[in-house]
Amino acid sequence: MVLALTVCGIVVALVVLGLFVFGLRRRLIQRSGGTFDCSLRWDVPEKTDTSGKGWSYGVARYNGDRIEWYRVFSYAYRPRRILERSAIEVAGRRLPDGEEELALLSDAVILTCLHRGTRLELAMSEDALTGFLAWLEAAPPGQRVNVA
């Protein structure tokens, strides 16, 4: 009985510690500011897929001329993807359709982009989209920016 209680106590402590580390990681990512909730689907086909598969929920952070994207459900402190402003080409935008509405946040707008030849989709709120597009258009003089 004592062994079972000890094991249960250790399991509960590990779960609490894991949740604490998740919260601390998110706090450290957001500490420098310029973050927004952003789901990402990488290497998507030309034909629009509304099945909701392939989306990863994350947090994006502006860092100079690039965006660092972090998965929410990860312990890694390094970004999963880095998108350079000069390499992002916006191909279009759309609203979630079909099962995507369940896979994404309720007010999400999907932005289809090309980054170094890789087709990707970013889903974010309308406010975050406005900021993202303004950031893209605010490139330093001489840099090519493609916003559709």
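Conventions we followed
Counting from 1, residues in each chain are numbered in the order their sequence is written. Whole-chain, interface and lining totals are the exception, using all residues; otherwise, since this is a predicted model, local features are given only for residues with pLDDT of at least 70 and side-chain atom pairs are given and counted only at 80 or more. As a rule here, side-chain values come from all non-hydrogen atoms in the structure, and water together with hydrogens is ignored. For this analysis, a nonpolar core means a set of buried residues of the types Ala, Val, Leu, Ile, Met, Phe, Trp, Tyr and Cys, connected via side-chain atoms within 4.5 Å. Only protein chains enter the calculation, and the probe is 1.4 Å; a residue is then buried if its accessible area is under 20% of its type maximum, exposed if over 50%, and partly exposed in between. Per the convention used, a helix needs a DSSP run of H or I reaching at least four residues, while a strand needs a run of E reaching at least two, with both numbered from the N terminus. Strand pairing is defined by DSSP finding a minimum of two bridges between the two strands. Whenever a helix is involved, its axis is fitted only over the stretch in contact; in every case the axis is a line through C-alpha atoms, and angles between N-to-C directions fall within 0 to 180 degrees. Residue contacts are defined here by distance: any two heavy atoms, one from each residue, within 4.5 Å place the two residues in contact. Ring geometry is summarised as follows: Phe, Tyr and Trp rings, the Trp one being its six-membered ring, pair when their centres sit within 6.5 Å, and such pairs are stacked at plane angles under 30 degrees, edge-to-face over 60 and tilted between the two.

An unreviewed UniProt entry annotates the chain as DUF2550 domain-containing protein of Streptomyces coerulescens.

**A look at the nonpolar core**
Judged by nonpolar contacts, the single largest core of 21 residues is most densely connected at Phe36, Leu122, Met124 and Phe132. For this core, the secondary-structure elements that each account for two or more residues are strand S4 (66-71), strand S6 (88-94), strand S7 (108-115), strand S8 (118-125) and helix H3 (126-137). Trp55, Leu104, Ala108 and Ile110 belong to the second-largest nonpolar core, a separate cluster that totals five residues.

**Quick notes on the sheet that holds strand S3 (residues 58-63)**
Either a parallel or an antiparallel arrangement is found when strands of a sheet pair, and the pairing is made through backbone hydrogen bonds. Here we have four strands laid out as an open sheet, ordered S1-S3-S4-S5, and antiparallel in their pairing. With one partner strand each, in any of the chains shown, strand S1 (35-37) and strand S5 (81-84) form the two edges of the open sheet. On average, each strand axis in the sheet is tilted by 25° relative to the strand beside it, whichever way the strands run. Where S3 lies against S4, six bridges are found, and the strand directions are antiparallel. Bridge pairing links Gly58 to Arg71 in S4. Against the sheet, helix H1 (residues 2-30) contacts S1, S3 and S4, and its axis sits at roughly 25° relative to S3. Contacts between H3 and the sheet are confined to S1, S3, S4 and S5, with S3 contributing the most and set at about 35° to the helix.

**What to know about the sheet that holds strand S2 (residues 39-42)**
Strand order in the open sheet formed by four strands is S2-S8-S7-S6, with antiparallel pairing between adjacent strands. Edge positions in the sheet fall to S2 and S6, since each of these pairs with one other strand and no more. Going across the sheet, the axis of each strand differs from the next one's by a mean of 25°, ignoring polarity. When S7 meets S8, the two strands line up antiparallel, connected through eight bridges. Paired with Ala108 across the two strands is Ser125, which belongs to S8. Each of S6, S7 and S8 touches H3; the most contacted strand, S8, lies at about 130° to it.

**A word on unusual backbone geometry**
Even without being a glycine, Asp43 presents a positive backbone phi close to 60°. Position of Asp43 among the secondary structure elements: in the loop between S2 and S3. Even without glycine at this site, Arg116 takes up a positive phi of about 55°.

**Quick look at the pairing of S7**
A large share of S7 lies buried, amounting to seven of its eight residues. Counting the residues between successive antiparallel strands, the hairpin from S7 to S8 contains two residues, one of them, Arg116, with a positive phi of roughly 55°.

**Quick look at the packing of aromatic side chains**
If you walk through the whole model with that rule in mind, you get three aromatic pairs. Aromatic pair Phe36 and Tyr62: ring centres 5.2 Å apart, planes at 40°, arrangement tilted. Separated by 26 residues along the polypeptide, Phe36 in strand S1 and Tyr62 in strand S3 bring together distant segments of the chain. Accessibility expressed as a relative area gives 23% for Tyr62, which makes it partly exposed. On the basis of an interplanar angle of 45° and a centroid distance of 5.4 Å, the ring pair of Tyr62 and Trp135 is categorised as tilted. Of the two residues, Tyr62 is situated in strand S3 and Trp135 in helix H3; the sequence distance between them amounts to 73 residues. Among the aromatic residues, ring-to-ring pairing joins Phe36, Tyr62, Phe132 and Trp135 into one connected group.

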